[in-house]
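Commentary on secondary and tertiary structure
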2 protein chains.
Amino acid sequence: MPGVAVSIDMGGTNLRVAIVDEKGEILCRILQPTKPERGRSKVFASLTEGIKEAMVKAKAKGLEPLGVGIGFPGVFADDGVILGAPQLSDWVGFAFLDALRAAIEIPVFVENDANCAALGEYWIFRGDLPDTFVFMTLGSGIGGGVILQGKLWRGYLGSAGEIGHIPVEPNGPFCGGGHQGCIEVFSSAVGLKNLIGRVLDEGVASPFLSAFKERSPTVTPKDAYEAAKQDDFGARRLFERFGEYLGIALASVVNVLNPPAIVIGGNIANAWEFFAPSILPSLKRHTFPYVAERLKIRKAGLGEDAGILGAASLIFAKEACLP
Amino acid sequence: MPGVAVSIDMGGTNLRVAIVDEKGEILCRILQPTKPERGRSKVFASLTEGIKEAMVKAKAKGLEPLGVGIGFPGVFADDGVILGAPQLSDWVGFAFLDALRAAIEIPVFVENDANCAALGEYWIFRGDLPDTFVFMTLGSGIGGGVILQGKLWRGYLGSAGEIGHIPVEPNGPFCGGGHQGCIEVFSSAVGLKNLIGRVLDEGVASPFLSAFKERSPTVTPKDAYEAAKQDDFGARRLFERFGEYLGIALASVVNVLNPPAIVIGGNIANAWEFFAPSILPSLKRHTFPYVAERLKIRKAGLGEDAGILGAASLIFAKEACLP
C-alpha cells in the first residue's frame, strides 16, 4: 500500500485536512470551520475527528497513512506545550502533542504554521532553492521560517522566524499581538490601513485613496491591488511603501544571518510586481552593499497550500525538521 | 614540545600578536601600530614579520607553534578574499588567506574580529554558556557573532552577525559605514554623541550635559561613565537610552533566531550597571513576553583579550569555527 501523510493546516478560520502523497500531491481535502469560540476541547475534538476521517478515506483508497503532520497557528517548545497562539488563546499551556499522541494511533508531528510553509517550500522546490533561506509569509499577519543548512531553525522556545515582529518603526503603532512598530503593523493585510495613513500623510491623492477615506473599514488588499493594476498613483505608492518597510525588516534578517536567499509567500505576495522592486533599495540602506547585491529575493512557488505541504513534509522530509 | 597558537588581533590602530596555549593562557605579547595609511603591502609585511617573530619566540621557549589564527577587522567570503574592511579600505579584493598561506609555513586561519571575540568567549566560558548565543561587542563601532549549536554561523558571505547595522531608527542618521539609523549610530562610543543629542532633545539638563555642550569633541564614553557613577542625571538618562536602543536591535535578533542567551562585551560593556537594566523592558515591547522573560542577557567574561583568544581558538577549538 502506498504511504501517505494526513496533513493539517490549522487556522483561526479554517481547519484544513488533506491526504498528501510522498511527491507532494494533494489527493483529498476536508475543510471545516475552526470556530475557536467553541473552546479548546471542541476544536481539539473536531481536529482529531478530521484526522480519523482522513485516515479512513485514505485506507478506503488503498493508501497507508504513515503519520499526521500539523501546522499550528502558534508557538510551542520542543515538548509540544503551547506557549502562544494569538487566534486560539485558550490553548496556551495545553500539552497539545501529548494529547494528540494519546488520541491518534499513528505518529503525529506538530510545527508552527509559518515554519510549515517554509518547510513546504523547501520540500517542493528543493532543487531550486539554496539549503539556507529565510521564508516570510504575508497574510493578515506576517509569519516566517528560517531554514539553515537544510534544517528548520526553531530557536530556544520554538520562536525563531517570528520576523513579523521585527521592529521597523520602534515608536510606531502596536500590532494585534502587542508589539510596537513591527513590520506586521505595516506590510500585512491588517497593516495596510496604517500604511495608507502614511501615504495620505505624504499628501498623496488618488481615486483609490479617496475611496479609502470614504469607506475605510471595507477596503481590502485586493482593492489596493486592483487599483494598482489600473495605475492608481496612490495604490502604487502604497505598495512602494509596503516594499520599503519589508526592506527594513529584511535588513535585520540579513544583518543577523546573511542568508543567500529570502523567499516571500502568502496571499499578498500576489501583488509582487508592485512591492518587490522597492525591497532592495530600502534593504541596501541598512546592509553592506556586497551583501545586498548578492541576496536573492524571490516569490514563493507555493500558494495557500504551502502550509499543508509543509505539514506533510513533517512525515516525508523529516531530516529538515527534526532536531 | 607543548603546542601553542600564534594569535593576532588586527585592528585599525594596533596589530596585537600573542602566543597562546591550549588552555587560553596568553604567554607573550607583541604590540605594534597598524598605520593603515602606509598601504596594504606594508601592513601585510608588518603582520607576517610579527607572526615570524612570535614563532621564533615560541620556539626559543621550547614551544611548538601549531598554527596562526587571525582576527581581521572586516568581512571576507569562505575563500578568504576580503569583501569589506572599513578601517583597511585598500584591502578589499585582496586574497588575504592565500597570501598568508604563501608567506607562513604553518596552518593559518582568518576570521572576522567580532566573530573571533564570540569564539573566544565560547572557548573560555564553554561550560558556563549555552551552545547557542549571540555575541555583541560595543566599542567605537558595534560588532557581533552568532554561535549556533556550538558552531560559528558565518552566513553566505561571512557577513552574519553584523548586528551593529540592524536598523533601530530607519530614517535616522547614518553610521560611518553608510547604514541609516543602525544601532551603531547610537549605542557605541562613536554613537554616544548622537544619543546625547537625543537626551538633550528630551529637555534633560545636568552638569555632564552642560560640559558636553561646551566641549563636545573631547567628551568620551569614560566621561559619561564617571558622571553616571557620580549620579549625574543626564549621564544616567544617557545610558538608559543606550540600553533602550540595544533592546530594539536585540529584539530583531531574538525574533529571527530566538537564542537562549545574548552576551555583550566590548569596552562600553564596563558601563553595564547603567545601561543593562534598560535592555529588557525595551526588548519586551518588540518580542513575545515568554521569549523575553526566558532570555539570558549577560555581560561578556573576557575583556579586550576576547579577540586574541578567539583567534587562538581557530587553532585549538576548530570544531566551533570550521564548516
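Residues numbered from 1 in each chain as written. Chains lettered and ligands numbered in written order. Predicted model: local features only at pLDDT ≥ 70, side-chain atom pairs only at ≥ 80, totals over all residues.

1. Here we look at the overall build of chain A
Scanning chain A from N- to C-terminus turns up 10 helices and 12 strands. In terms of C-alpha radius of gyration, chain A reaches 20 Å, essentially the compact-globule figure of 20 Å for 323 residues. Taking the principal axes of the C-alpha coordinates as reference, chain A spans close to 60 × 45 × 35 Å. A burial count over chain A gives 54% of its 323 residues as buried. Restricting to contacts in chain A with at least 6 residues of sequence separation, those with at least 24 account for 64%. (Helix = DSSP H or I, 4+ residues; strand = E, 2+ residues; numbered from the N terminus. Rg over C-alpha atoms; globule rule 2.2 N^0.38 Å. Buried ≥ 20, exposed ≤ 12 C-beta atoms within 10 Å, placed from the backbone. Contact = placed C-beta atoms within 7 Å.)

2. As for the sheet that holds strand S7 (residues 108-112) of chain B
Residues and elements named next belong to chain B. Pairing is mixed across the open sheet formed by 5 strands, whose spatial order is S3-S2-S1-S4-S7. Pairing within the sheet leaves two strands with one partner each, and these edge strands are strand S3 (26-33) and S7. Each strand axis lies, on average, 20° off the axis of its neighbour in the sheet, ignoring direction. Both strand S1 (residues 3-10) and strand S4 (residues 64-72) contribute to a ladder of 7 bridges, which runs parallel. Note on S4: the bridge partner recorded for Asp 9 is Gly 71. (Pairing = 2+ DSSP bridges. Axes fitted to C-alpha atoms, helices over the stretch in contact; angles between N-to-C directions.)

3. Looking at the confidence of the model for chain A
Segments scoring low in pLDDT should not have their predicted coordinates read at a detailed level. When the pLDDT values of chain A are averaged, the result is 94; 99% of them are 70 or greater. Interface confidence for the predicted complex, expressed as ipTM, amounts to 0.96; the pTM equals 0.96. (pLDDT = per-residue confidence, 0-100.)

4. Details of the relation of the copies chain B and chain A
Superposition of chain B onto chain A requires a rotation of 180° combined with a translation of 0.0 Å along the rotation axis, giving an RMSD of 0.0 Å. Such a combination of turn and shift is consistent with a two-fold rotation axis. The fraction of interface residues of chain B whose copies in chain A are also interface residues reaches 97%, indicating that both copies meet through the same surface. (Least-squares fit on C-alpha atoms with pLDDT ≥ 70 in both.)

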